[in-house]
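The chain contents come next:
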Amino acid sequence: MIRKVLTAVDGSPEADTALLKVIEYLNPQDIELHAIYVISPSKYATIEGAAGYEGISTLHEIRDRIIADEKEMVTERVKNIAHDHGITINLLVRLGDPRSEILKAADEIGADLIAVGSTGKGLGQRILLGSVSTYIVTHARISTIVIR
């Protein structure tokens, strides 16, 4: 029986779809629903030509502002989805590699199921960039679904 579900969110339409499908497929009143947003430092490692962004002068400050803005957007999106469906979603925010942080969080909360969205990357992109969903499916010790 599924009691605890962890859904990865990142502000993308694919992640929103995964969260919404979990709500649609499972009765959110019968499960403990968690969403995880992982801030990947490597995603913002190189920010060029952005000096002067909203009065901020250093690239470090610019990166921090962009990360904060994205975190706020993702947090608000999860809150809105929860509100629209009259449910509680426990949001976890982590810093690190999304692949390992999602698996660690699943272990920590005792999740029975991990749900992730698929970006639909082709083979070339997966080889170059890696695929969070592929990694989760192949390394998770619990059931995992990839939602398109």
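To be clear, the structure that these remarks concern was listed above.
Residues numbered from 1 in each chain as written. Predicted model: local features only at pLDDT ≥ 70, side-chain atom pairs only at ≥ 80, totals over all residues. Heavy atoms only, no water.

## A short note on the overall build of the chain
So, point 1. Summing up its helical and strand segments, the chain has five helices and five strands in all.
So, point 2. The 148 residues of the chain split such that 39% are buried.
So, point 3. Restricting the contact set of the chain to residue pairs at least 6 apart, pairs at least 24 apart contribute 74%.
So, point 4. When the accessible surface of the chain is split by element, carbon and sulfur atoms take 51% of a total near 8,500 Å². (Helix = DSSP H or I, 4+ residues; strand = E, 2+ residues; numbered from the N terminus. Buried < 20%, exposed > 50% of the residue type's maximum accessible area, 1.4 Å probe, protein only. Contact = heavy atoms within 4.5 Å. Areas by Shrake-Rupley, 256 points an atom, 1.4 Å probe, with all protein chains shown as cover.)

## Details of the sheet that holds strand S3 (residues 89-95)
So, point 1. The strand order S3-S2-S1-S4-S5 describes an open sheet built from five strands, whose pairing is parallel. What marks the edges here is a single partner per strand, and that holds for S3 and strand S5 (143-147). When the angles between neighbouring strand axes are averaged without regard to direction, this sheet yields 25°.
So, point 2. As defined by bridge partners, strand S4 (residues 113-117) adjoins S5 across five bridges and the pair is classed as parallel. (Pairing = 2+ DSSP bridges. Axes fitted to C-alpha atoms, helices over the stretch in contact; angles between N-to-C directions.)

## Side note on helix H3 (residues 98-109)
So, point 1. Taking 1.5 Å per residue as the helical rise, H3 with its twelve residues ought to reach 16 Å, and the 16 Å between its terminal C-alpha atoms agrees with that figure.
So, point 2. Along H3, the residues that are buried comprise Pro 98, Glu 101, Ile 102, Leu 103, Ala 105, Ala 106 and Ile 109.
So, point 3. On the buried face of H3, the contacting elements are strand S1 (4-8), strand S2 (32-39), S3, S4 and helix H5 (132-139).
So, point 4. With its phi angle positive at about 70°, Gly 110 sits one or two positions after the end of H3. (Expected span 1.5 Å × (residues − 1).)

## As for the packing of helix H1 (residues 13-25) against helix H2 (residues 59-85)
So, point 1. Their axes nearest at 12 Å, the elements H1 and H2 cross at an angle of 25°. Put simply, H1 runs roughly parallel to H2. Seen from above, H1 lies across H2 with right-handed handedness. On H2, the residues that touch Asp 16, Leu 19, Leu 20 and Ile 23 of H1 are Arg 77, Val 78, Ile 81 and His 85.
So, point 2. Counted by class, the contact of H1 with H2 contains five nonpolar, one polar and two charged residues. (Parallel < 35°, antiparallel > 145°, perpendicular 65-115°, else oblique. Left-handed = near helix turned anticlockwise from the far one by under 90°. Nonpolar A, V, L, I, M, F, W, Y, C, P; charged D, E, K, R; others polar.)

## Some details on the pattern of salt bridges
So, point 1. Scanning all chains against the criterion turns up eight salt bridges.
So, point 2. The shortest N-O distance in the salt bridge between Lys 79 and Glu 76 comes to 3.9 Å. With Lys 79 and Glu 76 both in helix H2 and three residues apart, the pair spans about one turn of that helix.
So, point 3. The class for Lys 79 is partly exposed, based on a relative accessible area of 49%.
So, point 4. Between Lys 104 and Glu 101 there is a salt bridge, with its nearest N and O atoms 3.1 Å apart. Residue Lys 104 and its partner Glu 101 are located together in helix H3, separated by three residues, close to a single helical turn.
So, point 5. Here Lys 104 falls in the partly exposed class, since its relative accessible area comes to 42%.
So, point 6. Where salt bridges share partners, they join Arg 94, Glu 101, Lys 104 and Glu 108 into one cluster. (Salt bridge = Lys/Arg side-chain N within 4 Å of Asp/Glu carboxyl O.)

## A short note on the pairing of S2
So, point 1. In terms of burial, S2 is largely enclosed, as seven of its eight residues are buried.
So, point 2. Here S1 pairs with S2 via five bridges, running parallel. Within S2, the position partnered with Val 5 by the bridge is Leu 33.
So, point 3. For the segment spanning S1, H1 and S2, crossover handedness is right-handed.
So, point 4. Pairing of S2 with S3, which is carried by seven bridges, proceeds in the parallel orientation. Across the sheet, the residue bridging to Ile 39 is Leu 95, located in S3. (Right-handed = clockwise from strand over helix to strand, strands pointing away.)

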